[in-house]
Every structure is written in structure tokens, then in C-alpha cells.
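Secondary and tertiary structure notes
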Amino acid sequence: MAEAAALEVPRVVEATLEVPRRHRAVEGVRGYGLIVAMWIRSTMTYRTSFFLSVFGNATIQLLDFVAIWIMFRHVDTLGGFSLPEIALLYGASSTSLGLADLLLGNTDRVGARVRDGSLDTMLVRPVPLLAQVAADRFALRRLGRVGQGLVVLGWALSVLDVDWTVGKVLLVPVMVVAGAAIFAAVMVAGAAFQFFAGDAAEVQNSFTYGGNQMLQYPPTVFAKELLRGVTFIVPLAFVNWLPALHVLGRPDPLGLPGWVGYLSPLVAFVAFLPASLAWRAGVRSYRSTGS
């Protein structure tokens, strides 16, 4: 009986992957919404606790920017960037990661689910696996990170002396949304890696939370080898560096033209292609717990 059950999981996986892509996408969005709504109703049962949690989350995240502000009490610029300019980088990156973390933050638990066998339960449900993994234990308190990022971003935009054009105005919200999509693609790829590596959540976090920490500082303080890596290999530079440099009218350290900053949505789409393929490969390779 145990061997039959172990063989049944791959069959369910194969059958799930054979469903037409459009149908799976629609069902995925619908299933994701239903699971998220369930967790939101559960969270809002204790409203005071929820609001305190959001406030505490935002306050803790804001301490990162407070550290930068304290640094600027002793220096005028960092890598040639002023405090408002770094606040633009910080606010855009933090808001983008906050949105991705809110929507897909629980994907880093795939490895744990593989080990404890709870992923098998998800595979027999009539909802795409990625939608279930992303929506499970949906934490609305993560709005705190989004809120503090928007506050810093709003302050930066209000004090910066920028020659605003229609293109630059539109680029700011595009930068935030496309940045969230790029972080989301990295999260999906990291979750797929956990099918093969098991306990690899920290590897995923090093590219998401670690990448966010790096993007909060100007690219001019980093070596060009690192800049090339986060531009052409893992395209984190398109989260905020390249769009923000164009908004600020600053040259790119790698010599890329200013219009490259407008490519963030395209880069996000391209990043999702290998991430989705990696996820499908990971699901296909899954052979129940202990694999």
C-alpha cells in the first residue's frame, strides 16, 4: 500500500501539469484568492492584534532607514548620492520586496513541506501547487513593510530636485511594480531549487532579502563585477538601480544608456520564464517526502 501511494503522487503531478495552461492559470488565480481570503478572515478576527503587528513590522523595517539617516549625520554623500537620492533607492526596493513578500513570501517553506510530507496533501487538491504554496499562511501583517517603503519613497520624491517629465513620472510606479515582479520571479526560482536541495530556504533569502539590502545603497559603492552580476545574471539592478538612475539623471556605472531603466517590465517577464520552467521541473521531479 505504501509503494502504491508513493507512485500515486507522481501520477497526480503529471496529470496536473497536463491541464491546459490557460485553465490552470485561471484556476490558480481563483484558488489563490480563496485561500488568501480565508487567511485574511482568520487574521481580522483579532483586529487589535493585527494592527499592532502591522505597526510593529513597519517600525522594525524602518530602523534600516534610520541607520542610513544616522550615517548621514556624519557624511554629506555616500558614493556620490545624497540622503534623498538613497531614500529613493531604499523606498522603491523596500516597497517592491514588500509586495512580493506579501504575495509570495511563503514559497520559502517548500523545502520544509517536502521534508514533513505536507506537500503531498497539496498535490491532490484541485488547485495549482504554486498558488497553494504562495497563499498558505498568508500574512497580511507584511503590509507593514510595504507601508514604510511607501512612506520613505514618498518623502524622497517630495524633496528631490528632479527635472520631471511624463516618462519619469510614469517610471516611478512602473519601477515599483516591475521590481516586485522581479523579486517574485526570484522567489519562485528559489522555491523550485528547494525540490532538489531540500533545506535551501536561506539560499533563496540571500537573493531576496539580501538583494534588497544591497539595492538600498547606490551602485557606485560596489565593484563592477558585482554590478554586472546583478544586471545580466540575476537582474536585481532592474528593481530600482537602473530606473532610479534615469529618474535622477545619473549615469550608469556600467555605461548602459538611460532608456534601459524602462526595460524593467520586460526583464520581469523574461525572468519569470526560467523561474516557471524551474518550478515545473521541480514539481515533475518530486517523488513524495524523503525524495
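Residues numbered from 1 in each chain as written. Predicted model: local features only at pLDDT ≥ 70, side-chain atom pairs only at ≥ 80, totals over all residues. Heavy atoms only, no water.

1. Concerning the overall build of the chain
Secondary structure summary: the chain contains 13 helices and zero strands in total. Listed N to C, the secondary structure of the chain is α-α-α-α-α-α-α-α-α-α-α-α-α in terms of helices and strands. Here the C-alpha radius of gyration of the chain, 21 Å, is about what a compact globule of 291 residues would show, namely 19 Å. Its C-alpha atoms put the chain at 70 × 45 × 35 Å along the principal axes. Of all 291 residues assigned to the chain, the portion counted as buried reaches 48%. Contacts spanning at least 24 positions in sequence make up 79% of the contacts within the chain whose residues lie at least 6 apart. With an accessible surface of roughly 14,400 Å², the chain has 66% of that area assigned to carbon and sulfur atoms. With 23 positive and 19 negative side-chain charges, the chain shows a spacing of 5 Å between the two charge centroids. (Helix = DSSP H or I, 4+ residues; strand = E, 2+ residues; numbered from the N terminus. Rg over C-alpha atoms; globule rule 2.2 N^0.38 Å. Buried < 20%, exposed > 50% of the residue type's maximum accessible area, 1.4 Å probe, protein only. Contact = heavy atoms within 4.5 Å. Areas by Shrake-Rupley, 256 points an atom, 1.4 Å probe, with all protein chains shown as cover. Lys, Arg positive; Asp, Glu negative; His and termini not counted. Charge placed at Lys NZ, Arg CZ, Asp CG, Glu CD.)

2. Thoughts on the layout of surface pockets
Put simply, the second largest pocket is a space of about 360 Å³. Lining the second largest pocket we find 16 residues, and of these A185, V186, A189, I233 and V234 sit closest to its centre. Residues of the lining of the second largest pocket, tallied by class, amount to 14 nonpolar, two polar and no charged. (1 Å grid on protein atoms, 1.4 Å probe; cavity = no way out; pocket = protein on both sides within 12 Å on 5 of 7 lines; lining within 4 Å. Points joined across faces, edges and corners; volume = space filled by probe spheres on them. Nonpolar A, V, L, I, M, F, W, Y, C, P; charged D, E, K, R; others polar.)

3. Structural notes on a nonpolar patch on the surface
Together, L62, L63, V66, W69 and I70 make up an exposed nonpolar region whose accessible area comes to about 420 Å². Along the chain, the position of W69 falls in helix α3 (residues 47-71). (Patch = residues over 30% accessible without salt bridge, like charges linked within 9 Å, V, L, I, M, F, W, Y side chains within 5 Å. Salt bridge = Lys/Arg side-chain N within 4 Å of Asp/Glu carboxyl O.)

4. Section: the pattern of salt bridges
Inspection of the entire model under this criterion finds four salt bridges. Across the pair D101 and R142 runs a salt bridge, and its minimum N-O distance is 3.7 Å. Residue D101 is found in helix α4 (residues 83-104), and its partner R142 is found in the loop between α7 (129-135) and α8 (143-159); the two are separated by 41 residues along the sequence. On the basis of relative accessibility, which here comes to 6%, the residue D101 falls in the buried class. For D136, the salt bridge goes to R113, with nearest N and O atoms at 2.0 Å. With D136 in the loop between α7 and α8 and R113 in helix α5 (residues 110-116), the pair connects residues that are 23 residues apart, well separated along the chain. Here R113 falls in the buried class, since its relative accessible area comes to 10%. The structure contains a network of salt bridges with shared partners spanning R109, R113 and D136.

5. A closer look at the nonpolar core
In summary, soluble globular proteins display a tendency toward joint burial of nonpolar side chains. The biggest cluster of nonpolar side chains holds 73 residues, and the ones touching the most others in it are L88, L119, L129, F195, L236, W241 and W279. Looking at this core element by element, the count peaks at 13 residues for helix α9 (residues 166-197). Those residues within four positions of L119 in sequence are excluded, and the remaining contacts are R113, V114, L129, V133, F195 and Y286. (Core = buried A, V, L, I, M, F, W, Y, C linked by side-chain atoms within 4.5 Å.)

6. Things to note about the environment of L52
Along the chain, the position of L52 falls in helix α3. Its relative accessible area of 58% is what places L52 among the exposed residues. Taking C-alpha positions, L52 is 17 Å from W39, a pair spaced 13 residues apart along the chain.

7. A closer look at the packing of α9 against helix α12 (residues 241-248)
Relative orientation of the contacting elements α9 and α12 amounts to 160 degrees, with a least axis distance of 10 Å. Judged on the interaxial angle alone, α12 and α9 are roughly antiparallel. Crossing hand, α9 versus α12: left-handed. Residue-level contacts link K168, L171 and M175 of α9 to P243, A244, H246 and V247 of α12. (Axes fitted to C-alpha atoms, helices over the stretch in contact; angles between N-to-C directions. Parallel < 35°, antiparallel > 145°, perpendicular 65-115°, else oblique. Left-handed = near helix turned anticlockwise from the far one by under 90°.)

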